[in-house]
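What follows is each chain in one-letter form.
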Amino acid sequence: MARVLVIGLDPAKIQGWDPEPVQAAIARGQARFDDQGIESDYCLVALDENPEGAIVEALTRKDYACVVIGGGIRTHEPLLEFFEKVVNLVRQHAPDAAIAFDSSPEDCADAAVRWLRQGV
């Protein structure tokens, strides 16, 4: 069975806003993986707590067919350099995994399925 890793920012560790709506959306996204019979793991990082180390640990814990990189990392321009690091960590530590991008925490499964169906 294909296994997917989702890498994103931990909403509970971002100061200045209410994490509950994002946490609820993540839970709905996880349920969609379950509904499709896809095993998924989440690596939610805090930018001030060695996120690269946490990502490497997650990437090397299991074999992943696909890694989804969340929009919080990808679309916030001040995080461009971090986004590049994440992509390169995936390439280095999970070279056989497809890389996918979601548009919201709820569509992570859709992003992964696009690549899992292609057998990449």
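Presented here is a report on the structure given in the accompanying data block.

Conventions adopted
Residues numbered from 1 in each chain as written. Predicted model: local features only at pLDDT ≥ 70, side-chain atom pairs only at ≥ 80, totals over all residues. Heavy atoms only, no water. Pairing = 2+ DSSP bridges. Helix = DSSP H or I, 4+ residues; strand = E, 2+ residues; numbered from the N terminus. Axes fitted to C-alpha atoms, helices over the stretch in contact; angles between N-to-C directions. Contact = heavy atoms within 4.5 Å. Salt bridge = Lys/Arg side-chain N within 4 Å of Asp/Glu carboxyl O. Buried < 20%, exposed > 50% of the residue type's maximum accessible area, 1.4 Å probe, protein only. 1 Å grid on protein atoms, 1.4 Å probe; cavity = no way out; pocket = protein on both sides within 12 Å on 5 of 7 lines; lining within 4 Å. Points joined across faces, edges and corners; volume = space filled by probe spheres on them. Nonpolar A, V, L, I, M, F, W, Y, C, P; charged D, E, K, R; others polar. Phe/Tyr/Trp six-rings, centres within 6.5 Å; stacked < 30°, edge-to-face > 60°.

**Things to note about the sheet that holds strand β1 (residues 3-9)**
Part 1 of the reasoning: In spatial order, the strands read β2-β1-β3-β4; together these four strands make up an open sheet with parallel pairing. In this open sheet, the two strands that pair with only one neighbour each are β2 (39-45) and β4 (98-101). Looking at each pair of strands side by side, their axes are set apart by 20 degrees on average, direction ignored.
Part 2 of the reasoning: Looking at chain direction, β1 and β2 are connected through seven bridges and run parallel. Looking at the pairing, Val4 lines up with Ser40 of β2.
Part 3 of the reasoning: Sitting on the sheet, helix α2 (residues 51-61) touches β1, β2 and β3 (66-69), and the angle it makes with β2 is about 165 degrees.

**Comments concerning the pattern of salt bridges**
Part 1 of the reasoning: This structure, assessed with the given rule, holds nine salt bridges.
Part 2 of the reasoning: Taking the shortest distance from any N to any O, the salt bridge between Arg3 and Glu39 comes out at 2.2 Å. Of this pair, Arg3 sits in strand β1 while Glu39 sits in strand β2, placing them 36 residues apart in sequence.
Part 3 of the reasoning: Overall, the relative accessible area of 18% leaves Arg3 in the buried class.
Part 4 of the reasoning: Looking at Glu39, the relative accessible area reads 34%, which means it is partly exposed.
Part 5 of the reasoning: For the salt bridge of Arg61 with Glu57, the shortest nitrogen-to-oxygen distance reads 3.5 Å. Of the two residues, Arg61 and Glu57 both sit in helix α2, four residues apart, roughly one turn of that helix.
Part 6 of the reasoning: With relative accessibility at 48%, the residue Arg61 sits in the partly exposed group.
Part 7 of the reasoning: Counted as one network, the salt bridges with shared partners bring together Arg3, Glu39, Asp41 and Lys62.

**Considering the environment of Ala46**
Part 1 of the reasoning: Note on placement: Ala46 falls in the loop between β2 and α2.
Part 2 of the reasoning: Apart from the residues within four sequence positions on either side, Ala46 is in contact with Asp10, Lys13 and Pro51.

**Considerations on the layout of surface pockets**
Take a probe with the size of a water molecule and roll it over the atoms, and the empty space left behind shows itself.
Part 1 of the reasoning: Taken as a whole, the largest pocket encloses approximately 360 Å³ of empty space.
Part 2 of the reasoning: Surrounding the largest pocket, 22 residues form its lining, Leu9, Val22, Gly71, Gly72 and Pro105 being those nearest its centre.
Part 3 of the reasoning: Sorting the residues of the lining of the largest pocket by element identifies β1, α1 (20-35), β2 and α3 (71-74) as the ones contributing at least two each.
Part 4 of the reasoning: Partitioned by chemical class, the residues of the lining of the largest pocket number 12 nonpolar, seven polar and three charged.
Part 5 of the reasoning: Counted as a void, the second largest pocket has a volume near 190 Å³.
Part 6 of the reasoning: Residue lining of the second largest pocket: Leu9, Asp10, Lys13, Ile14, Gln15, Val45, Ala46, Leu47, Asp48, Gly72, His76 and Leu79, and that is the complete set.
Part 7 of the reasoning: When its residues are assigned to classes, the lining of the second largest pocket shows six nonpolar, three polar and three charged.

**So, the packing of aromatic side chains**
Part 1 of the reasoning: Tallied over the entire structure, the rule returns two aromatic pairs.
Part 2 of the reasoning: Ring plane angle 65 degrees and centroid distance 5.8 Å describe the contact between Phe83 and Phe101, whose orientation is recorded as edge-to-face. Residue Phe83 is located in helix α4 (residues 80-93), and its partner Phe101 is located in strand β4; the two are separated by 18 residues in the primary sequence.
Part 3 of the reasoning: Looking at Phe101, the relative accessible area reads 33%, which means it is partly exposed.

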